Amino acid sequence: MKSNSFCIVLLLCFNALFSQTKIVDKKLEMERIVNRIQLPVIPAYKIKVTDFGAKGDSVTNCKPAFDKAMKACSKNHGGTIVVPKGVYTINGPIHFVSNVELHLETGAKIRFGSNPKDYPLVLTSWEGTMLYNYSPLIYGNNVENVAITGNGIIDGEAKNTWIKWKPLEEKDKLLSREMNHTNVPLKERVFGKGHFLRPQLIQFLNSENILIEGVTIEDSPFWCVHLLKSKSITLRGLKYDAHNNNNDGIDPEYSSDILIENIQFNNGDDNVAIKAGRDDEGRGNSNSPSENIVIRNCEFKGLHAVVIGSEMSAGVRNVFVDNCKAGGYLKRGIYIKTNSDRGGYVRDLYFSNIAFGQVEDCIYMTANYHGEGSGLHPSKISDVSISNISCESASNAAIVIEGFPEKKVENIVLDTITVKSAKNGMTLTNTQNISVNEIIIGDKIGVPSSVK
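Residues numbered from 1 in each chain as written. Predicted model: local features only at pLDDT ≥ 70, side-chain atom pairs only at ≥ 80, totals over all residues. Heavy atoms only, no water.

S.K.: Mind showing me how you'd approach the overall build of the chain here?
M.R.: Broken down by element type, the chain carries four helices and 31 strands. Its C-alpha atoms give the chain a radius of gyration of 23 Å, near enough to 22 Å, the size a compact globule of 452 residues would have. If one aligns the C-alpha atoms of the chain with their principal axes, the spans along those axes are about 85 × 45 × 40 Å. Split into buried and exposed, the 452 residues of the chain put 54% on the buried side. Summarising the internal contacts of the chain: among those between residues at least 6 apart in sequence, 76% fall at separations of at least 24. Averaging the positions of the 50 positive and the 50 negative side-chain charges in the chain gives two centres separated by 1 Å. (Helix = DSSP H or I, 4+ residues; strand = E, 2+ residues; numbered from the N terminus. Rg over C-alpha atoms; globule rule 2.2 N^0.38 Å. Buried < 20%, exposed > 50% of the residue type's maximum accessible area, 1.4 Å probe, protein only. Contact = heavy atoms within 4.5 Å. Lys, Arg positive; Asp, Glu negative; His and termini not counted. Charge placed at Lys NZ, Arg CZ, Asp CG, Glu CD.)

S.K.: Any chance you could explain the pattern of salt bridges here in plain terms?
M.R.: Pairs can form between side chains of opposite charge once their charged atoms are near each other. Considering all chains together, one arrives at 26 salt bridges under this definition. Arg296 is the salt-bridge partner of Glu261, the closest N and O atoms lying 3.0 Å from each other. One end of the pair, Glu261, is in strand β20 (residues 256–261); the other, Arg296, is in strand β22 (residues 290–296), and 35 residues separate them in sequence. With a shortest N-O distance of 3.8 Å, Asp348 and Arg347 are connected by a salt bridge. The class for Asp348 is partly exposed, based on a relative accessible area of 23%. Through salt bridges with shared partners, one network takes in Lys331, Arg332, Glu360 and Asp361. (Salt bridge = Lys/Arg side-chain N within 4 Å of Asp/Glu carboxyl O.)

S.K.: Hey, could you run me through helix α2 (residues 63–75) in this one?
M.R.: Quick reminder: α-helices carry 3.6 residues per turn. Residues three or four places apart thus point the same way. When the terminal C-alpha atoms of α2 are compared, their 19 Å separation across 13 residues agrees well with the 18 Å that a helix rising 1.5 Å per residue should span. Those residues of α2 not exposed but buried are Lys63, Ala65, Phe66, Ala69, Met70, Ala72 and Cys73. In the stretch just after α2, His77 is the one whose phi turns positive, near 65°. (Expected span 1.5 Å × (residues − 1).)

S.K.: Looking at this structure, how should I read unusual backbone geometry?
M.R.: Leaving glycine out, the prevailing phi sign among residues is negative, and the prevailing peptide bond configuration is trans. Of note, the bond from Gly309 into Ser310 is cis; its omega dihedral lies within 30 degrees of zero at 0°. Relative to the assigned elements, Ser310 resides in the loop between β24 (304–308) and β25 (316–326). Residue Asn430 is not a glycine yet carries a positive backbone phi of 55°. With respect to the helices and strands, Asn430 occurs in the loop between β30 (422–429) and β31 (431–441). The partly exposed category is assigned to Asn430, whose relative accessible area is 27%.

In structure tokens, the structure reads:
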């Protein structure tokens, strides 16, 4: 008996030490990601956009002035464009060149016009399919060392035109997906006049060393910040007040080495939605997963807090979410979604130290999103650690995990999760190797009642 007791104690000590080692390893990996992200290096040259004729009177079209300022920076191999206090109307996009910082001083507001004719077609992506569409309102393609900073406001002014396209987009959305599935050459995927796919507010494509810091983002036509095929990105101190349809806060897609921290989200859709291409096209880019992403010290408010998918066909891996809280109602807190058309994988995700308030579902992982899918390309969800999560109430479910019979969700750790009230507790379907510890849903049960 003494020998058995000694072995049990030794095993418990080993498990505790192994668990602690894994926590240390995760923290070290987070720091490694953060430390290798490069902030942009901006030359000392500095100009004010007002020096080129811009007027912060909310009436004057300042598009020519912003273009001239960007050109002046380009001639000087980069620099900072300062936007003083005032409201600047811009009828058309801002197109970045390398080594430029756009700095909005306190009281400055950039307000974009919403006439589609002012936005030329550029290479972009729409819900996971590459195509040519109206330019995002702020856009950079193949640039490096770029920044948007300050305490000002970037206003997409989408309510005048763009938002009215939402009911008209279905035909073009389906067309873009058909082009994806049938491998239509990219040069033939031309949208624009006669089509109704709304542009993003801010998008960087094929770019690196990006900083977006401090500004407030309002009223986007579509996704707010779209990071497409880019790397080495820092987003911090942003504030959101964006409540139009599909106003995702931050959408990394085919992107890597990203730090998202100290963000106050308050937007009309997902706060952070990590994506990696759709279906055939995404699977064809399997060497470009979205990976090495750290999300920390954020306050969530919107539709969902952190989402993986549903466009994730090239794969998503190595994502860390730590020390965050919700500032209001969310439909779902942690939401991993895919279907059997996507393929690809979601793995090596770590969620820790997150406090949610009222939600519909606290934790939801599904390989059967919307019941969609042909069954030909099921996705693999595995190796997810969720620890130290609290939630005030879940009007539907505390925890839902569902995979496919032939491709189960596996290797999931649920540790120290408290949901004070929930209509449904925990549902596990087509799963294997699910580890649970210290799960409390509803009131904590103590000493059992005696028999009388």
